[in-house]
There are 2 protein chains.
Amino acid sequence: MAEKAAKVRLCVPDDLSPEARIEPAREQAHYLFNVMRLAAGDPLLVFNGRDGEWLAEVSEATRKGGVLTCRERVRAQTRPRDLVLLFAPVKKARTDFIVEKACELGCAALRPVFTKRTNAERLRPDRLRAHMVEAAEQCGFLTVPELLEAERLDRVLDDWDPARRILFCDERRDAPPAAQALAAHRPADGGEAGPWAVLIGPEGGFDEAESARLRGLAQVEAVSLGPRVLRADTAAVAALTIWQAVLGDWTAEGEAMAEGTRT
Amino acid sequence: MAEKAAKVRLCVPDDLSPEARIEPAREQAHYLFNVMRLAAGDPLLVFNGRDGEWLAEVSEATRKGGVLTCRERVRAQTRPRDLVLLFAPVKKARTDFIVEKACELGCAALRPVFTKRTNAERLRPDRLRAHMVEAAEQCGFLTVPELLEAERLDRVLDDWDPARRILFCDERRDAPPAAQALAAHRPADGGEAGPWAVLIGPEGGFDEAESARLRGLAQVEAVSLGPRVLRADTAAVAALTIWQAVLGDWTAEGEAMAEGTRT
């Protein structure tokens, strides 16, 4: 008889090791035992961002809680690429979307930045974090990206690490295509690209002073995302996609590294 | 005194020529005169997918309707790249999203396809078309993509034009990265790529028989979109982005062609 396949993948705070016992938090227990109706003996996958991905099993299940037991590691832990998404918060549904997609697209961290034209509803970091956990569980990411504190763009730039490059999605017509500009940054030794950030402005774009400051910074690569005006959420997905495809873990070498050891 | 900038861009069915008179449909009139509060003398941009983009002016505005007059052509008509998105409909919000993004990303046509695991709510072509018009207006596209009739994937493949290649986003680990696979299809003469389609499956992917049939077709290019499992909407944006960046109008040459003549 074929072994049951794990239908659930769960991010847990616990350390993971053979026979480790995990008591899921109340909401997770509700999801596991009431929504997904897992029962004693059912398999699932767990990860914590530190110890890789483990096959676990439901040892006890009641309507109110239960216990999981770690069986064996199925993927070794890997680090995500050192890619930060700086994004100006937009409307709620589109901000949720950006946050979800940044996880699927393998960002290590996200930081909301307030630009001059940012006109956002109030940010709820706890809600955004819950979206990020769900996205990481769903897409097979071994890490939940870090959600950095929201900050004004000018202050973020004041304290910028000069070693971290910024992909600035510029609306000027004369910026080079993103893929072409990034290809010039491929390490000659075929190794991993250095630290980067992708910066996405609000609907309505950056103001003149912001754009001028960005273009003047040595670590900024101002690029074009094609001839149409993309919404902020589209621009975020497009820019992260191109980064991963050209410099990140979507290249053949990168993918082999990101995948971890499947045992 | 600086000339007022056009704040509205409208898709109209009318032919566009100097002094052409346009009577906006009721919903458009409501949008122009009640929502955006345009008044006589205000400029706006109009396009119809045939005659390029025109600067027009409000000649009459009442609460119930009004008249626009074409002044001068500001961009010549261009054809979009011959890129079709075949997508399995998913949940309503994510299907809306796919349709909106396919316009921003410059598709010529969209076709919903029903695969074995497609589990969609009822499709409303009129609603999808309205989203597409709005997206084209917003992103500066000179064309509203065509919405082709929804069809079963196996029937679509039965009648497939052998000259049109299919980018098949495969979930197998051994498919080559999308950007690398597409780069091999760049025309040697630097001209425009031939006809293509991007095929995006439902959440849950293609079934084994579908995948096997697709991989066996000569015109299919099976590719990977990185090491994480992307949702259908993310996969659609990512695949269209890579297509445009490698073969389409996001390349330096492509962009110059797509932009049209700005006079």
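Cut-offs used in this document
Residues numbered from 1 in each chain as written. Chains lettered and ligands numbered in written order. Predicted model: local features only at pLDDT ≥ 70, side-chain atom pairs only at ≥ 80, totals over all residues. Heavy atoms only, no water. UniProt positions renumbered as here; feature names shortened; annotations may be inferred. Helix = DSSP H or I, 4+ residues; strand = E, 2+ residues; numbered from the N terminus. Pairing = 2+ DSSP bridges. Contact = heavy atoms within 4.5 Å. Axes fitted to C-alpha atoms, helices over the stretch in contact; angles between N-to-C directions. Buried < 20%, exposed > 50% of the residue type's maximum accessible area, 1.4 Å probe, protein only. 1 Å grid on protein atoms, 1.4 Å probe; cavity = no way out; pocket = protein on both sides within 12 Å on 5 of 7 lines; lining within 4 Å. Points joined across faces, edges and corners; volume = space filled by probe spheres on them. Nonpolar A, V, L, I, M, F, W, Y, C, P; charged D, E, K, R; others polar. Salt bridge = Lys/Arg side-chain N within 4 Å of Asp/Glu carboxyl O. Least-squares fit on C-alpha atoms with pLDDT ≥ 70 in both. Patch = residues over 30% accessible without salt bridge, like charges linked within 9 Å, V, L, I, M, F, W, Y side chains within 5 Å. Areas by Shrake-Rupley, 256 points an atom, 1.4 Å probe, with all protein chains shown as cover. Phe/Tyr/Trp six-rings, centres within 6.5 Å; stacked < 30°, edge-to-face > 60°. Lys NZ or Arg CZ within 6 Å of the ring centre and 35° of its normal.

Labelled according to an unreviewed UniProt entry, chain A appears under the name Ribosomal RNA small subunit methyltransferase E, originating from Albimonas pacifica. Its UniProt record, at the heading Catalytic activity (unreviewed entry), says of chain A: "uridine(1498) in 16S rRNA + S-adenosyl-L-methionine = N(3)-methyluridine(1498) in 16S rRNA + S-adenosyl-L-homocysteine + H(+)". Per its UniProt entry, chain A bears the Subcellular location (unreviewed entry) comment "Cytoplasm".

Trainee: Now, about the UniProt feature "domain: Ribosomal RNA small subunit methyltransferase E PUA-like" (unreviewed entry) in chain A: what can you tell me, with residues and values included?
Mentor: UniProt marks residues 27-65 of chain A with the feature "domain: Ribosomal RNA small subunit methyltransferase E PUA-like" (unreviewed entry), using the numbering shown here. Helix makes up 23% of residues 27-65 of chain A and strand 36%, with an end-to-end C-alpha separation of 9 Å.

Trainee: Summarise the sheet that holds strand E1 (residues 9-11) of chain A; cite the residues concerned and give the values.
Mentor: All names here are of chain A. Spatial ordering of the open sheet is given by E1-E3-E4-E5-E2, a layout of five strands whose pairing is mixed. A single partner strand is all that each edge strand has here, and the edge strands are E1 and strand E2 (21-22). One ladder, built from three bridges, connects E1 with strand E3 (residues 43-47); its direction is parallel. Residue pairing for E3: Leu10 is matched across the bridge by Val46. In this fold helix H1 (residues 26-35) packs onto E1, E3, strand E4 (53-61) and strand E5 (66-75), with an angle of close to 170 degrees to the strand it touches most, E1. Seen against the sheet, helix H3 (residues 125-139) touches E1 and E3 and runs at an angle of roughly 140 degrees to E1.

Trainee: Account for the pairing of strand E10 (residues 165-169) of chain A, naming residues and giving values.
Mentor: A regular strand places its side chains on the two faces of the sheet in alternate fashion. Residues and elements named next belong to chain A. Among the five residues that make up E10, four are buried, leaving the element largely enclosed by the rest of the structure. The pairing of E10 with strand E11 (residues 196-200) spans four bridges and is classified as parallel. Along E11, the bridge assignment pairs Phe168 with Leu199.

Trainee: Now, about the layout of surface pockets: what can you tell me, with residues and values included?
Mentor: The computed volume of the second largest pocket comes to approximately 1700 Å³. What lines the second largest pocket is a set of 47 residues, and nearest its centre among them are Val229 of chain A together with Glu137, Gln138, Cys139 and Gly140 of chain B. Taken together, the elements giving at least two residues each to the lining of the second largest pocket come down to E11 and helix H7 (232-246) of chain A together with strand E1 (9-11), helix H1 (26-35), strand E5 (66-75) and helix H3 (125-139) of chain B. In terms of residue count, H3 of chain B provides more of the lining of the second largest pocket than any other element does, six residues in total. Broken down by class, the residue content of the lining of the second largest pocket amounts to 22 nonpolar, nine polar and 16 charged.

Trainee: Before we move on, can you summarise the pattern of salt bridges with the specific residues and values?
Mentor: A complete count under the given rule lists 46 salt bridges over all chains for this structure. For the salt bridge of Arg75 of chain B with Glu53 of chain B, the shortest nitrogen-to-oxygen distance reads 3.3 Å. Note that Arg75 of chain B is positioned in strand E5 and Glu53 of chain B in strand E4 (residues 53-61), a separation of 22 residues in sequence. Neither residue differs from the other here; Arg75 of chain B and Glu53 of chain B are each classed as buried. With a closest N to O distance of 2.9 Å, Asp158 of chain B and Arg213 of chain B form a salt bridge. With Asp158 of chain B in helix H4 (residues 153-158) and Arg213 of chain B in helix H6 (residues 208-216), this residue pair connects regions lying 55 residues apart in the sequence. When its relative accessible area of 33% is taken as the criterion, Arg213 of chain B is described as partly exposed. Residues joined in a network through salt bridges with shared partners are Arg94, Arg231 and Asp233 of chain A together with Glu100, Lys101 and Glu104 of chain B.

Trainee: Explain the relation of the copies chain A and chain B to me, using residue names and the numbers behind them.
Mentor: Both copies of the chain are related by one operation, a rotation about an axis with a shift along it. Least-squares fitting of chain A to chain B yields an RMSD of 0.0 Å, with the transformation described by 0.0 Å of translation along the axis and a rotation of 180 degrees. Classification of the inter-copy transformation places it as that of a two-fold axis.

Trainee: Describe a nonpolar patch on the surface, with residues and values.
Mentor: On the surface, Tyr31, Val35 and Met36 of chain A cluster together into a nonpolar patch covering about 240 Å² of accessible area. Counting through the fold element by element, Val35 of chain A comes out in helix H1.

Trainee: So what's going on with the packing of aromatic side chains? Residues and values would help.
Mentor: Counting across every chain of the model gives three aromatic pairs over all chains. When the centroid spacing of 3.8 Å and the interplanar angle of 40 degrees are considered together, the rings of Phe97 of chain A and Phe97 of chain B count as tilted. With Phe97 of chain A in helix H2 (residues 92-104) and Phe97 of chain B in helix H2 (residues 92-104), the pair connects residues from two separate chains. Just as Phe97 of chain A is buried, Phe97 of chain B falls in that class too. With centroids separated by 5.3 Å and ring planes inclined at 75 degrees, the aromatic side chains of Phe168 of chain A and Phe206 of chain A adopt a geometry described as edge-to-face. With Phe168 of chain A in strand E10 and Phe206 of chain A in the loop between E11 and helix H6 (208-216), this pair connects stretches of sequence that are 38 residues apart. A relative accessible area of 1% means that Phe168 of chain A is categorised as buried. Judged by relative accessible area, which is 11%, Phe206 of chain A ranks as buried. Stacked on the ring of Phe47 of chain A, the Lys or Arg Arg9 of chain A has its end atom at 4.0 Å from the ring centre. Across from the ring centre of Phe141 of chain B, 5.1 Å away, lies the NZ or CZ of Arg228 of chain A, which sits over that ring.

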